[in-house]
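Structural overview
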Amino acid sequence: MYRQITTLSEFVLSEEKKIKNATGNFSLLINSLDNAGRIIASHVKRAGLVDILGPVGKKNIFADEVQKLDEFADLLIAETLRSSGLVHGFASEERESFEKIKNSHGDYVVFFDPLDGSSNIDVNMSIGTIFSIYKKSNNLLQKGISQVAAGFFLYGPSVIFIYCAGGKVNGFTLDPEIGSFVLTNPNIKIPLVGPTYTINESYYSRYPEYIRKYLSHIKERSAPLTQRYAAAMVADVYRILLKGGIFLYPEDRIQKEGKLRLLYEVNPMAYIINHAGGSSFSQGSNPLEMTPTSLHMRLPIVLGSKSQVAEFEKFYHNENYGH
Ligand code: AHG
Ligand code: MN
Ligand code: MN
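Summing up its helical and strand segments, the chain has 8 helices and 13 strands in all. Against the 2.2 N^0.38 benchmark of 20 Å for 323 residues, the chain shows a C-alpha radius of gyration of 20 Å, consistent with a compact globule. Overall, the C-alpha framework of the chain stretches about 60 × 50 × 50 Å when taken along its three principal axes. Contacts in the chain between residues at least 24 apart in sequence constitute 61% of all its contacts with a sequence separation of at least 6. For the chain, the exposed surface amounts to about 15,500 Å²; the carbon and sulfur share of it is 51%. Computing the positive centroid from 34 side-chain charges and the negative centroid from 33, the chain places the two 4 Å apart.

Laid out in structure tokens, this is it:
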């Protein structure tokens, strides 16, 4: 039976047509990232064969250099951005400094986490890629509210692509038959409440008192939340985006700033969650309003369904301000 589908490229072009005087450059940039994501997805699929094909650093039987997936993804995205001609510069979670692309007249700046959830690679669980796009500015460290778009790829049983360019959040699924992402989840709206909480609860003894109280509260009330934790922010946030609930990577006694990085992980995810009708919170502030103090700044983060984040905020304020 014939069914009308919308591919990602068709979708991006139709969005571009709605914008007066659009140059088309943004669409081309999304196109380049689309290509990079599909190439990474195909390597992820073969990752389990790497041991058979040859060790890291040696030539395999196909004469490729066998690389660790996170290095591969980082190099691929960097090269994609350099050769696009659309990007002024970029920074990656895997690199120390910002790279200004030589002789580029590009208008955009991209921050990315090439491989999120890297501890999942060896055990064949979900991993992803996260990106965040800004217009170039004299100030390299812009606030998250200035993002012009953000998105992520989730390499799971299906390959998912979620992106938002300031309006709605749309979800695409890779159709392996045609090799394109097709629109499967238009205009995603995060439910006001969801059934799950997601946190690495093994750090319980290191959490501040208000977080322990909050965890007891959500587990001990008459309709307790259930815990889900994939250990890959992409997968955990995707679940929350579709089903609702709350994601937490807070501060603890050892990781005082939490673990997740503002520019590569928190800002793009908070931008997506907020545009889908959810909210995000970092120790009394909206992370999207924070001025980054360094490229690799980390911060505690809680995000998800609006009413659940609001409930968490009460616990934070009770402990910190006594009201
Ligand atoms: P990355 O693989 O890019 O370093 O990110 C891993 C992050 C994130 O995806 C996940 O939410 C978190 O690390 C898991 O950390 P814990 O092992 O401390 O739970
Ligand atoms: Mn990550
Ligand atoms: Mn990473």
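The subject of this paragraph is the environment of His 88. For His 88, the position within the fold is in strand 1 (residues 87-92). Residues contacting His 88, with those up to four places away along its chain left out, are Phe 98, Glu 99, Lys 100, Ile 101, Ser 104, Gly 106, Asp 107, Tyr 108, Val 109 and Lys 136.

Turning next to the coordination of the manganese ion (ligand 3). For the manganese ion (ligand 3), the full set of protein donor atoms is Glu 93 (OE), Asp 113 (OD) and Leu 115 (O), at a range of 2.2 to 2.4 Å. One chain supplies every donor to the manganese ion (ligand 3), and in sequence these donors are spaced E-x19-D-x1-L. In this model, the manganese ion (ligand 3) sits 3.7 Å from the manganese ion (ligand 2), the two metals being bridged by Asp 113. Taken together, the positions of Glu 93 in the loop between strand 1 and strand 2 (99-100) and Asp 113 in strand 3 (residues 108-116) put the pair 20 residues apart, joining distant regions of the chain. By relative accessible area, which is 14% here, Glu 93 ends up buried. Owing to a relative accessible area of 0%, Asp 113 belongs among the buried residues under this scheme.

Moving on, we get to the domain arrangement of the chain. It is common to report an interface's size as the accessible area lost on association of the parts. Partitioning the chain into structural domains gives domain 1 (8-185) and domain 2 (196-321). The distance between the C-alpha centroids of domain 1 and domain 2 comes to 24 Å. Taken together, the contact between domain 1 and domain 2 spans 43 residues of the former and 29 residues of the latter. Of all residues in domain 1, the largest losses of buried area upon contact with domain 2 belong to Glu 93, Leu 141 and Phe 152, amounting jointly to 20% of the total for that side. Across the domain 1-domain 2 interface, the total number found is 1 salt bridge. When the shortest N-O distance is used, the salt bridge between Arg 261 and Glu 93 registers 3.3 Å. If you look at where domain 1 meets domain 2, you find 12 residue pairs in polar contact (both at pLDDT 80 or more).

We now examine the sheet that holds strand 6 (residues 159-164). Two modes of strand pairing occur in sheets, parallel and antiparallel, and in both the strands are linked by backbone hydrogen bonds. Across the sheet, which stays open at both edges, the 8 strands sit in the order 2-1-3-4-5-6-7-8 with mixed pairing between neighbours. For this open sheet the edge positions go to strand 2 and strand 8 (180-185), each flanked by a neighbour on one side alone. One ladder, built from 5 bridges, connects strand 6 with strand 7 (residues 169-175); its direction is antiparallel. Each bridged residue has a counterpart across the sheet, and for Cys 164 the counterpart in strand 7 is Val 169. The sheet strands contacting helix 2 (residues 25-46) are strand 1, strand 3, strand 4 (127-135), strand 5 (149-155), strand 6, strand 7 and strand 8, and the helix crosses strand 5 at an angle near 20°. In the packing of helix 6 (residues 233-243) onto the sheet, contacts are made with strand 3, strand 4, strand 5, strand 6 and strand 8, and the angle to strand 5 comes to roughly 105°.

Remark: helix 2 packs on helix 4 (residues 69-84), axes separated minimally by 10 Å, with the N-to-C direction vectors making an angle of 160°. The orientation of helix 2 with respect to helix 4, classified from their angle, is roughly antiparallel. At the point where helix 2 passes helix 4, the crossing takes the right-handed sense. Within the contact between the two elements, helix 2 uses Leu 29, Ser 32, Leu 33, Ala 36, Ile 39, Ile 40, His 43 and Val 44 and helix 4 uses Leu 69, Phe 72, Ala 73, Leu 76, Ile 77, Thr 80, Leu 81 and Ser 84.

Glancing now at the coordination of the manganese ion (ligand 2). Put simply, the ideal angle at a metal is 109.5 degrees for four donors in tetrahedral geometry and 90 or 180 degrees for six donors in octahedral geometry. On the protein side, the manganese ion (ligand 2) has Asp 113 (OD), Asp 116 (OD) and Glu 265 (OE) as donor atoms, found 1.9 to 2.1 Å from it. Of note, the manganese ion (ligand 2) draws all its donor residues from one chain, in the sequence arrangement D-x2-D-x148-E. By relative accessible area, which is 5% here, Asp 116 ends up buried.

Our focus in this paragraph is helix 1 (residues 8-17). For helix 1, every residue scored as buried is listed here: Leu 8, Phe 11 and Val 12. Along the axis of helix 1, the buried residues cluster in a sector spanning 95°; they form a single face. On its buried face, helix 1 sits against helix 2, strand 6, strand 7 and strand 8.

Reading the values: rules and limits
- Residues numbered from 1 in each chain as written.
- Chains lettered and ligands numbered in written order.
- Predicted model: local features only at pLDDT ≥ 70, side-chain atom pairs only at ≥ 80, totals over all residues.
- Heavy atoms only, no water.
- Helix = DSSP H or I, 4+ residues; strand = E, 2+ residues; numbered from the N terminus.
- Rg over C-alpha atoms; globule rule 2.2 N^0.38 Å.
- Contact = heavy atoms within 4.5 Å.
- Areas by Shrake-Rupley, 256 points an atom, 1.4 Å probe, with all protein chains shown as cover.
- Lys, Arg positive; Asp, Glu negative; His and termini not counted.
- Charge placed at Lys NZ, Arg CZ, Asp CG, Glu CD.
- Donors = N, O, S within 2.8 Å, 3.2 Å for Na, K, Ca; no water.
- Buried < 20%, exposed > 50% of the residue type's maximum accessible area, 1.4 Å probe, protein only.
- Domains from an automatic or database assignment.
- Buried area = accessible area lost by both parts, 1.4 Å probe.
- Salt bridge = Lys/Arg side-chain N within 4 Å of Asp/Glu carboxyl O.
- Polar contact = N/O pair within 3.5 Å; in protein donor to acceptor, adjacent residues only side chain to side chain.
- Pairing = 2+ DSSP bridges.
- Axes fitted to C-alpha atoms, helices over the stretch in contact; angles between N-to-C directions.
- Parallel < 35°, antiparallel > 145°, perpendicular 65-115°, else oblique.
- Left-handed = near helix turned anticlockwise from the far one by under 90°.
- Arc of directions from axis to C-beta.

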